[in-house]
Amino acid sequence: MEADSVRINELVRYLKDGIVNTDVNDSVEYESHEPSDDDECQPTSDCYTTDSSSQDSSIYESDVPFDLSEWLIIDSRSNRRRSPLILEFLRLLLEKPRYSSYASYTNSSLGIFQIYKPNEVATLWARVRSRQSSRVMSYDKFARAIRHYYQYSAMIKTNSRYTFQFGTVTSGIEDRNNHIS
DNA sequence: CACCCGGAAGATCA
DNA sequence: ATGATCTTCCGGGT
């Protein structure tokens, strides 16, 4: 619990700042460049059988061209590129017009947004994360990760389907972690 | 029904 | 080895 909130605090600063410059277009190249051995092709997590039972389109994920680099965050502490935390992922997703069919704000000033393609978003999350797992990332698990943030008020429950709200994190969590010194 | 909720425990990565 | 951040599974509720 309090273990979580330590790291959350950094996240909070990111969220509070608004959107971090995700522009990797410039020359933000640090000498610690990754060898990029297995950056894009995961044998297991990459192939998803299109269970087109719920979606109208049988084509999944080829919808929008995937570019991992646009999802990476430059960690302010280590100056290294890393995959985003889930809330960072959400912010990134929402700010990309190309993904407006996946999810978008229904009230941007309040930070309320809706996911239109839960399966695609979950799949995208798994790709962005490029984490080792033999299991498929489902919307259910994706949503569970978001729910963890309710306890920190980093996210707020809504009563609507596929709808979440970014919380007013700046008031709840910082107090807890002012003892960093 | 498909989602939403949140506990509990396991997994992954820095 | 340890902590942060999920991931996985699940029973109960809407």
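You'll find the structure just up there.
Before going into details, it helps to say that this report is about the structure given with it.

What counts and how
- Residues numbered from 1 in each chain as written.
- Chains lettered and ligands numbered in written order.
- Predicted model: local features only at pLDDT ≥ 70, side-chain atom pairs only at ≥ 80, totals over all residues.
- Heavy atoms only, no water.
- Helix = DSSP H or I, 4+ residues; strand = E, 2+ residues; numbered from the N terminus.
- Polar contact = N/O pair within 3.5 Å; in protein donor to acceptor, adjacent residues only side chain to side chain.
- Near = heavy atom within 4 Å.
- Nonpolar A, V, L, I, M, F, W, Y, C, P; charged D, E, K, R; others polar.
- Core = buried A, V, L, I, M, F, W, Y, C linked by side-chain atoms within 4.5 Å.
- Buried < 20%, exposed > 50% of the residue type's maximum accessible area, 1.4 Å probe, protein only.
- Contact = heavy atoms within 4.5 Å.
- Axes fitted to C-alpha atoms, helices over the stretch in contact; angles between N-to-C directions.
- Parallel < 35°, antiparallel > 145°, perpendicular 65-115°, else oblique.

**Quick word on the side chain of T163**
By the secondary structure assignment, T163 is in strand 6 (residues 163-166). A polar contact of 2.9 Å, which involves the side chain of T163, links it to the backbone oxygen of R161.

**What about the protein's contact with DNA strand B?**
Around DNA strand B lies a shell formed by R131, Q132, Y139, R144, R147, Y150, K157, R161 and Y162. Near the protein, meaning within 4 Å, the atoms of DNA strand B are sugar or phosphate in a fraction of 60%, with bases accounting for the rest. The backbone of Q132 places a nitrogen or oxygen atom 3.1 Å from a phosphate oxygen of DNA strand B. Here Y162 contributes a side-chain N or O atom positioned 2.3 Å from a phosphate oxygen of DNA strand B. For the surface near DNA strand B, a count of residues per class yields three nonpolar, one polar and five charged.

**Comments concerning the nonpolar core**
Counting 30 residues, the largest nonpolar core has F89, L90, L93, F142 and M155 as its most contacted members. Of all the elements in the fold, those that place two or more residues in this core are helix 2 (86-95), strand 4 (112-115), helix 3 (118-129), helix 4 (139-147) and strand 6. Of all the elements, helix 2 adds the most residues to this core, at seven residues. Once residues lying within four places of it in the same chain are set aside, the contact partners of L90 are F113, F142, I146, M155 and F166.

**Digging into the packing of helix 2 against helix 4**
Contact geometry of helix 2 with helix 4 gives a least axis separation of 9 Å together with a crossing angle of 110°. Judged by the inter-axis angle, helix 2 sits roughly perpendicular to helix 4. Contacts between helix 2 and helix 4 pair I86, F89 and L90 from the former with F142, A145 and I146 from the latter. Here the residues of the contact of helix 2 with helix 4 are counted per class, giving six nonpolar, no polar and no charged.

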